[in-house]
Structure formats: structure tokens, C-alpha cells
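# Tertiary structure, described
One letter stands for each residue in the lines below.
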Amino acid sequence: MLTRRTLIASALAAPAAAQTMVDLGFADNGMRTTTRDFPQKGEMILQRSSPPLLETPLSVFDAHDFTPNEQFFVRWHYPFPTSIDPAAHRLSVMGHVAKPLSLSLADLARLPRVAVAAVNQCAGNGRGLFNPRVPGAQWGNGAMGNALWEGVRLKDVLALAGVKAGAVAVRCAGLDAPLTESAPDYAKALPIDHALGEEPIIAWAMNGQPLPLLNGFPLRLVVPGWYSTWWVKMLDSIEVLARPDEGFWMAKAYLQPANPLADVSPASPAGDRVPVTVMRPRAFVTNLTNGARLPPDPFTIIRGIALGGDHGVTSVELSADNGASWLTTRLGPDHGRFAFRRFLGVLHLPRGRHAVIARARNAAGVEQPLRQNWNPSGYNRAGVEPVQVEIA
Amino acid sequence: MRALLLFLAALAAPANLVLPSVETPPPTKRLDITLPDTEGLLPERYGVSAEAANANCLACHSAAMITAQPRLTRVQWAETITKMRTVYGAPIDPADDAAILDWLVAD
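Just so it is clear, the model here is predicted, and its values are computed rather than measured. (Residues numbered from 1 in each chain as written. Chains lettered and ligands numbered in written order. Predicted model: local features only at pLDDT ≥ 70, side-chain atom pairs only at ≥ 80, totals over all residues.)

## Concerning the overall build of chain A
Along its length, chain A carries six helices and 27 strands. Here the C-alpha atoms of chain A give a radius of gyration of 21 Å, agreeing with the 21 Å that 2.2 N^0.38 yields for 392 residues. Here the C-alpha coordinates of chain A stretch approximately 70 × 50 × 45 Å along the principal axes. Looking at chain A residue by residue over its 392 residues, the buried ones come to 51%. Across chain A, every contact between residues at least 6 apart in sequence was considered, and the portion connecting residues at least 24 apart equals 66%. (Helix = DSSP H or I, 4+ residues; strand = E, 2+ residues; numbered from the N terminus. Rg over C-alpha atoms; globule rule 2.2 N^0.38 Å. Buried ≥ 20, exposed ≤ 12 C-beta atoms within 10 Å, placed from the backbone. Contact = placed C-beta atoms within 7 Å.)

Next up, the structure:
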């Protein structure tokens, strides 16, 4: 909906260069402009210039299983260096360890190499679609992407330093820093069991290229299956903790209601909260935009992508009757359990208006609910995303 | 018919596990970027001056962080100012709160 305030917002964000308006489908104030002004980035939806919040257009997901680096979403809390020499970069490993270390990228490269295809998704992806609305970064569903990440296992780096008995968490921080002295430095403390597991990696490559600076050059943490708040960018510090991290970014921020869907009634008190961690299965129709008008056809192709969270996608089903009946889709190539999985199906849609629903299920049997969950922080959006189409 | 053929063609595509098999060396070259400055100041709204909001809010984030928000109440915006001050150490002059809020809700 184009309103006076969205016009003001777009005028503010408007450089002289040509740009496209995008409707993110929010109840209000959902118009954004695209931008090509950011280094190492192609056309992105501009959410905020500084610190940058750049969203991936939905059409990118229709065209690629692996989201191109130049259209991968960007999210920073604080300012960060814009000039980095990877030869001079050091990763310190300290705290509750036998031997503190300062590692170069060359040091890291001597460890066993690993590669994993994994979806990186902001905990607040889809926050702008919450009803009732909540404050925060007003993302559509493009604060996510799938990439092939290459580097070394976090546990192998920790083994070099020797984690001492009694360690409970591994706090990771990067080169970004707040402007004011009293603001809390961005740091996330992985539970020790997860840090010592097979999955988290320290990555220097993304889709076969160095990380774009805006995506965390020269090193970032990759925590497959977990939300991107854990995927610390410009990683330069790993501190093993013998007691829980009570810092703001662990104890106060990125907390969700303590139930798997992070679901509470808007009218109810917040209740107990726990850190956002594992992502849920989600499916997105990518070849039809909301409100599309299509000619009658015996077979309407429905195409999209799904993620499974921490387990692989096992099925994506389609419904055009509010879930009364479901049709299975054909899944595309399997890039591993943490990656996007493409789906393709056909529906026979008679003339008229239809809401096309895609529903994902993962290997742990977790299925997308038909009803959206809600919480006051706008995290962990998990329900199906109906696409309205008209056959005319 | 074309749609059906496309669909049948897609059904023939392989669905096996595709394992990655690349080995990219760590980067060695310095990377320098320049960030664009594509947002200006917040504008006057319905005759309400944005001066206090511009002076207090834009040091840490650009204007779109504010203009992109859904319609929030004066109480919600006041909570946001408090969060900026207490969590992020924003040096917002308390004497400016009322003028900032006046602008935020003049919408």
C-alpha cells in the first residue's frame, strides 16, 4: 500500500540512480526501494543504509538453489571496518583453555577442511508480516540465503587450544563495534556441547569465493540449522567460558518464548524466554507473486524453495483449499540437510481467486503449521505463507 | 500442454544428494569497500519539526530504521528511546524526548 509515510521513506532512501519499488506485503508501510549502491552487492531491497540491512528479492530464490553472494542478505548491528587485510587478521582463542592462541588464516588452513551447504536465516526473517506488527528490522522473507560454506571445524580449532574441564560455553565475537562505550559488544556464546560438535565451522569461503565484506570477510562462524544471530561475522575472538555468558546479546536479546514455535498470544504476558537457536521448516512459493493474475491452464506450475531447519526437508505439499486437501511436490537436488531444497508441483486451478499454500516437513517429522505463530520480538516465523492468485 | 511438458521434464531431474567438492583457499588480498550514504535527514511531518529526532537518532543508525517501522504508539516509541539510551548508550538529551516523540507520532 502506497501511503504518505512510505513515500517519505522512499524519498529518503532515494539516490538519483534508477530504482525499483518492491511491495513486501505488510499490512502497512511495506514499500521499499531496491539499491545497487552497496559494494560487492547487486540489486538488493534497501531496509537501512547504516548499519546496513539489505534484503534479498524473492525472485533470486526462484532462480538459484545457492543464493549468489552478490544478492545474499546483509545484517549488521554496529559499525565495522571497511578495509581488512586477511594476511594480518588474527583469530584469538582464549579463556578457559590450556594454551591461548592467535591464529592466522594460514594457520587455520592447515586444519582439515570442511564444506557444508547451509541456510543462513535471520531470527527476525518475516518480522514485517507479523500481525499485530512488532518493532524491529522490518524484513519481508528475504533475510535468508543458502550458500556453500568452506572452512574448518570450530571443534578442531578449540582442540588446538585445549578446552579445560568445566567449560560451559564458547563466546564468539567479531570486528564490529558499537559507537558508544557503554553499548554491549556483539558476542554470542555457543553452548559447549554444540561448539564441540561436528557442525559449527569457521568459514572463509562462500559459494567458492571469499566472503563479501558485508557478509563477514575474512572469517565468519557458520552454525548450520541455527539462526544467523549465531553466525558471528568478521570473527576475531573465541573465548571459552567456565560460566554462562550474562552479556546483553545472550541474556537479554535474541530470546524467544520458551516453546518450540516461540508462540504466545499478543495479549498474554511474555513468560519464560530462551535463546533462539534451531530454525523451523519453511516453504516459499517463488514463481508467483502475491496478487498475480494468471491465464486459465489445466496445469498451474508452483515452484519454490524450502528449508528444513536442523533436519533435511522430506516433503513439500501444496493446497489451494485452505489445507483441506494436499498434493505432493517433486523435490529438487538434495544439497544436504541444512540447505534449501527446491520443489515443483502443479495445481489445477479453476477461474477465480485462490490462496496457494506450500507446507514443508523435515526429517524429524516437524511440519509447518497453517496458523502463524506470534511473539513480541518477531522471531521464528514458522507458519505457511499463502500466495494469493487469480485465474482470469 | 507446454506447462505439462515442463513439469514432466522437471520430474526427470536427478534428486540425489549432491555433495560439495570444492576447495577454496583462504583469502590473501586486502579488501577495501566504501559504503554509500543514500539516506538524508528525517523530514518535517505535518508541520512538526524533525530537528530533535535528527540530532539525537541518526548518529547510530540511518533514517530508514525509523521510517520503516510500523505505526507505533507514543508509549511504544518512548520504550524505544529508553532502550536506545539504556542498552546502547545513546546520548539522547532527556530534554529532547518530548520533541522526538512529537515527531515520531506525527504520522
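## What about the domain arrangement of chain A?
Residue and element names in this part refer to chain A. When its domains are assigned, chain A resolves into domain 1 (91-253) and domain 2 (282-391). Once you take the C-alpha centre of each, domain 1 and domain 2 turn out to be 30 Å apart. Contact residues are listed per partner, giving 17 residues for domain 1 and 17 residues for domain 2. The biggest single contributor to the side of domain 1 that touches domain 2 is strand β9 (residues 113-121), with four residues. (Domains from an automatic or database assignment.)

## Focus: the interface of chain A and chain B
With 63 residues of chain A in contact, the opposing surface of chain B contributes 52 residues. Of the residues belonging to the side of chain A that touches chain B, the class tally is 36 nonpolar, 15 polar and twelve charged. For strand β6 (residues 83-84) of chain A and strand β1 (residues 31-32) of chain B, the ladder comprises two bridges, and the chain directions are antiparallel. Its bridge partner being in β1 of chain B, Ile84 of chain A is matched across the sheet by Leu31 of chain B. (Nonpolar A, V, L, I, M, F, W, Y, C, P; charged D, E, K, R; others polar. Pairing = 2+ DSSP bridges.)

## Digging into the environment of Phe343 of chain A
Residue and element names in this part refer to chain A. In this fold, Phe343 is placed in strand β25 (residues 341-347). Distance in space between the C-alpha atoms of Phe343 and Ala262 is 27 Å, their sequence separation being 81 residues. Setting aside anything within four residues of it in sequence, one finds Phe343 in contact with Ala283, Gly304, Ala306, Val316, Thr329, Arg330, Leu331 and Gly332.

## Looking at the packing of helix α4 (residues 74-86) of chain B against helix α5 (residues 97-104) of chain B
When two helices pack together, their arrangement is given by the angle between their axes and by how far apart the axes lie. Residues and elements named next belong to chain B. The N-to-C vectors of α4 and α5 enclose an angle of 130°; their axes lie 10 Å apart at closest approach. By the criterion of interaxial angle, the relationship of α4 to α5 is oblique. The chirality of how α4 crosses α5 is right-handed. Where α4 approaches α5, its residues Arg74, Trp77, Ala78 and Ile81 are matched on the opposing element by Asp97, Ile100, Leu101 and Leu104. The residue inventory of the contact of α4 with α5, partitioned by class, reads six nonpolar, no polar and two charged. (Axes fitted to C-alpha atoms, helices over the stretch in contact; angles between N-to-C directions. Parallel < 35°, antiparallel > 145°, perpendicular 65-115°, else oblique. Left-handed = near helix turned anticlockwise from the far one by under 90°.)

## Remarks on the sheet that holds strand β24 (residues 330-331) of chain A
Residues and elements named next belong to chain A. One open sheet holds the four strands; their spatial order is β19-β21-β25-β24, and the pairing between them is antiparallel. Only two strands of the sheet have a single neighbouring strand rather than two, namely β19 (282-285) and β24. When strand β21 (residues 300-307) meets β25, the two strands line up antiparallel, connected through seven bridges. By the bridge assignment for β25, Gly304 is matched with Phe343.

## Description of the pairing of strand β27 (residues 387-391) of chain A
Residues and elements named next belong to chain A. Note: strand β20 (residues 292-294) against β27, three bridges, orientation parallel. By the bridge assignment for β27, Arg293 is matched with Glu390. The pairing of strand β26 (residues 352-362) with β27 spans five bridges and is antiparallel. Among the inter-strand pairings, Arg353 is bridged to a residue of β27, identified as Glu390.

## Looking at the sheet that holds β26 of chain A
Residues and elements named next belong to chain A. Strand order across the open sheet formed by five strands is β20-β27-β26-β22-β23, with mixed pairing between neighbours. A single partner strand is all that each edge strand has here, and the edge strands are β20 and β23 (327-328). Bridge analysis of strand β22 (residues 313-319) against β23 gives two bridges, and the strand direction is antiparallel. Looking at β23, one finds that Glu317 is bridged to Thr328.

## Some details on the nonpolar core
In summary, soluble globular proteins display a tendency toward joint burial of nonpolar side chains. Residue and element names in this part refer to chain A. Trp149, Val170, Ile202, Ala203, Leu221, Val222 and Ala306 are the most contacted members of the largest nonpolar core, which has 119 residues in total. Among the elements that take part in this core, strand β13 (residues 201-206) stands out by supplying six residues, more than any other. Counting only domains with at least three residues in this core, you end up with domain 1 (91-253) and domain 2 (282-391). Look past the residues within four positions of Leu221 in its chain and what remains in contact with it is Cys172, Pro200, Ile202, Trp230, Trp231, Val232 and Leu235. (Core = buried A, V, L, I, M, F, W, Y, C linked by C-beta atoms within 7 Å.)

## Some details on the environment of Asp23 of chain A
Residue and element names in this part refer to chain A. As for its placement among the helices and strands, Asp23 is situated in strand β1 (residues 21-23). It is 9.2 Å that separates the C-alpha atoms of Asp23 and Gly140, two residues lying 117 residues apart in sequence. In this structure Asp23 touches Gly30 and Met31, once residues within four positions along its chain are discounted.

## A few points about the environment of Ala115 of chain A
Inspection of the secondary structure puts Ala115 of chain A in strand β9. Judged by C-beta crowding, with 20 C-beta atoms within 10 Å, Ala115 of chain A ranks as buried.

## Examining helix α4 (residues 154-161) of chain A
Those residues of α4 of chain A not exposed but buried are Leu154, Val157, Leu158 and Ala161 of chain A. Angular distribution of buried residues about the axis of α4 of chain A spans 100°; they occupy a single face of the element. (Arc of directions from axis to C-beta.)

## Structural notes on the pairing of strand β10 (residues 144-153) of chain A
Residue and element names in this part refer to chain A. The element β10 is largely enclosed, with a buried count of ten among its ten residues. Examined bridge by bridge, β9 and β10 share nine bridges and lie antiparallel to one another. Bridging across to β10, Ala115 finds its partner in Glu150. Across five bridges, the pairing between β10 and β13 is antiparallel. The residue of β13 that forms the bridge with Gly151 is Ala203.

## As for the confidence of the model for chain B
Residues and elements named next belong to chain B. In this model, chain B carries a mean pLDDT of 86, and residues with pLDDT of at least 70 account for 79%. Confidence over residues 8-15 falls short of pLDDT 50; this stretch has nine contacts with residues more than four positions distant or in other chains. Here the complex is predicted with pTM 0.93, and the ipTM for its interfaces comes to 0.90. (pLDDT = per-residue confidence, 0-100.)

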